[in-house]
Amino acid sequence: MTGRSNEARLVVERTALPDVLVLHPRVHGDARGFFVETYNARDFAATTGRDVRFVQDNHSRSGKGVLRGLHYQVGDHAQAKLVRVLAGAIFDVAVDLRRGSPCFGHWAGVRLDAAQHAQVWIPEGFAHGFLVLSDLADVAYKATAYYAPEHERGIRFDDPEIAIKWPCAGPPRLSPRDAAAGRLADAELFP
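Scope of this entry: the structure provided in the associated data block. Per chain, residue numbering runs from 1 following the sequence as it is written. With pLDDT at 70 or above as the cut-off, local features in this predicted model cover only qualifying residues; side-chain atom pairs require 80 or more to be listed or tallied, and sums for whole chains, interfaces and linings still use all residues. Based on all heavy atoms of the structure, the side-chain values leave hydrogens and waters out of the count.

It is worth spelling out unusual backbone geometry at this point. When glycine is set aside, most residues are seen to have a negative phi, and most peptide bonds are trans. Here the bond from Gly69 into Leu70 is cis, since omega is 10°, no more than 30 degrees from zero. One non-glycine residue, His117, lies in positive phi territory at about 65°. Locating His117 in the fold gives a position in the loop between β9 (107-113) and β10 (119-122). The class of His117 is buried, set by a relative accessible area of 15%. Here the phi dihedral of Ala163 falls at roughly 60°; this positive angle occurs in a residue that is not glycine. Structurally, Ala163 can be placed in the loop between β13 (152-154) and α2 (176-179). For each residue, the accessible area found with a 1.4 Å probe, counting protein chains only, is set against the maximum for its type, and the residue is called buried under 20%, exposed over 50%, and partly exposed in between. Residue Ala163 is classed as partly exposed on the basis of its relative accessible area of 37%. Elements are defined by DSSP. Helices are runs of H or I of four residues or more, strands are runs of E of two residues or more, and each kind is numbered from the N terminus.

Laid out in structure tokens, this is it:
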């Protein structure tokens, strides 16, 4: 016997974008702490209907008010991402950039924090970004394509056409690249 139960190991929460999912793994906790299986290919495929191959894991640490994004890669380098928070809390956002999608230009945002262990699945064809809500946040994500700077693109976090409602008390802290990003109207999109 493996010690596994027949209970669902991933509970799915739908977002405003049908293809962007929040995945809640089962967390086993007691007085010693907790154990959570953060990724299992079989369970992921059964839950999402996608059999993916992740090729790169990334980890960032950022302070309160840092906004990273909106980032994506084009062509054969398009990335799907599975995002989670290791420490702290963020507001995580995906924007649909698929030209023929009924949700084109729409966004979904979800609060992720280390205590909940939830993860966001963002397929290819979406831009991704996040705002740090806590004093410090460690964010980790798996990607289905390698980082390819020549294929990386960005869209302004405050593009009025997208109109993301970021939970900011003041102006976010941006990298020079993110501050200079273009608008959705000029973006290289997905077919």
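Let's pick the thread back up.
In spatial order, the strands read β1-β2-β10-β7-β12-β5; together these 6 strands make up an open sheet with antiparallel pairing. In this open sheet, the two strands that pair with only one neighbour each are β1 (10-14) and β5 (56-63). Neighbour to neighbour, the strand axes of the sheet diverge by 25° on average, direction disregarded. By this definition, two strands are paired if DSSP reports at least two bridges between them. With 3 bridges joining them, strand β2 (residues 21-25) and β10 adopt antiparallel strand pairing. Bridge pairing links Val22 to Val120 in β10. For helices, the fitted axis covers only the stretch in contact; all axes are lines through C-alpha atoms, and the angles between them, taken along N-to-C directions, range from 0 to 180 degrees.

Taken in spatial order, the 5 strands of this open sheet run β9-β8-β11-β6-β13, and their pairing is antiparallel. Both outer strands of the open sheet, β9 and β13, are each paired with one neighbouring strand and no more. The sheet shows a mean angle of 25° between the axes of neighbouring strands, direction not considered.

Mapping Leu86 onto the fold places it in strand β7 (residues 81-87). Classification of Leu86 by relative accessible area gives partly exposed; the value is 36%. In the structure, Leu86 is positioned 53 residues away from Val139 in sequence and 5.9 Å away in space, judged by C-alpha atoms. Pairs of residues are marked as contacts when any of their non-hydrogen atoms sit within 4.5 Å. Non-local contacts of Leu86, meaning those with residues more than four positions away in its chain, are made with His59, Ala114, Asp138 and Ala140.

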